[in-house]
Amino acid sequence: AAVVLALGALDALVADLIAGAVPAAAKKGRIGDRVEGWVKEKPADFVRLLSDPDPHLALANLVRERMANLTLQRAAAIEETLYAVLKLETPWGAAAKRIGAGTTGADVKDRLDAFVARRNLIAHSGDVQPGKAALAGITREWVMSGVRNVSEIGEAACDAVAKE
């Protein structure tokens with residue numbers, strides 16, 4: 001349960017951070033190509049925001065709507081969406097510093113993707129390893145390490161958005 005909850009929380013956190021940061025990013029001219037594409041696709045939706053009593057909240061909510069079908073758990077999806085919406089660089093290096101012990105940004109990304117892949121194996125294949133009949137063992141250490149990695153990515157993403 002901790003594996004699923006950690007990744008679900010990361011997905012929700014990253015989506016909410018991005019959506020909530022769009023109004024401030026727009027003021028600074030730091031909106032990514034994806035938002036510009038949304039405006040071109042349905043300009044009337046964005047024009048309507050001008051008459052909303054709280055246009056900043058309305059913009060954030062519209063971005064949440066547009067991102068509703070995204071899953072922000074894999075490293076590539078997080079990277080691409082952070083940049084495409086906010087022109088923000090990735091949180092991997094900052095998360096690595098938070099973890100310490102010689103951890104690199106590449107390590108953080110690799111661990112995240114391995115954690116997601118294993119979660120998918122657990123959820124969709126009963127954790128039976130490909131080509132084997134036996135279940136893979138789930139250790140407390142593996143769960144705690146993965147959850148910590150996910151937590152530090154979330155904290156680093158919060159820090160990155162707060163700096164903008």
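(A) Highlighting the packing of helix α1 (residues 2–27) against helix α4 (residues 55–66). Where α1 contacts α4, the axes come no closer than 8 Å and their chain directions differ by 135 degrees. On the basis of the axis angle, α1 is oblique to α4. Helix-helix and strand crossings are classified by hand; for α1 and α4 the assignment is right-handed. Together, Asp16, Ala19, Gly20, Val22, Pro23 and Lys27 of α1 and His56, Leu59, Ala60, Val63 and Arg64 of α4 make up the contact between the two elements. Here the residues of the contact of α1 with α4 sort into six nonpolar, two polar and three charged.

(B) Looking closely at the packing of aromatic side chains. For the coordinates displayed, the defined rule picks out one aromatic pair. When the centroid spacing of 5.0 Å and the interplanar angle of 50 degrees are considered together, the rings of Phe115 and Trp142 count as tilted. With a gap of 27 residues between them, Phe115 in helix α7 (residues 105–125) and Trp142 in helix α8 (residues 140–163) connect regions that are remote in the sequence. Given a relative accessible area of 3%, Phe115 falls into the buried group. Note on Trp142: relative accessible area 24%, which makes it partly exposed. A cation over a ring is seen here: Arg118 above Trp142, with NZ or CZ 4.7 Å from the ring centre.

(C) The arrangement of the side chain of Asp45 in detail. Relative to the elements of secondary structure, Asp45 occurs in helix α3 (residues 43–49). Asp45 gets classed as buried once you look at its relative accessible area, which sits at 18%. There is a polar contact of 2.6 Å between the side chain of Asp45 and the side chain of Arg48. For Asp45, the contacting residues outside a window of four places in its chain are Leu62 and Arg66.

Cut-offs applied
Residues numbered from 1 in each chain as written. Predicted model: local features only at pLDDT ≥ 70, side-chain atom pairs only at ≥ 80, totals over all residues. Heavy atoms only, no water. Axes fitted to C-alpha atoms, helices over the stretch in contact; angles between N-to-C directions. Helix = DSSP H or I, 4+ residues; strand = E, 2+ residues; numbered from the N terminus. Parallel < 35°, antiparallel > 145°, perpendicular 65-115°, else oblique. Left-handed = near helix turned anticlockwise from the far one by under 90°. Contact = heavy atoms within 4.5 Å. Nonpolar A, V, L, I, M, F, W, Y, C, P; charged D, E, K, R; others polar. Phe/Tyr/Trp six-rings, centres within 6.5 Å; stacked < 30°, edge-to-face > 60°. Buried < 20%, exposed > 50% of the residue type's maximum accessible area, 1.4 Å probe, protein only. Lys NZ or Arg CZ within 6 Å of the ring centre and 35° of its normal. Polar contact = N/O pair within 3.5 Å; in protein donor to acceptor, adjacent residues only side chain to side chain.

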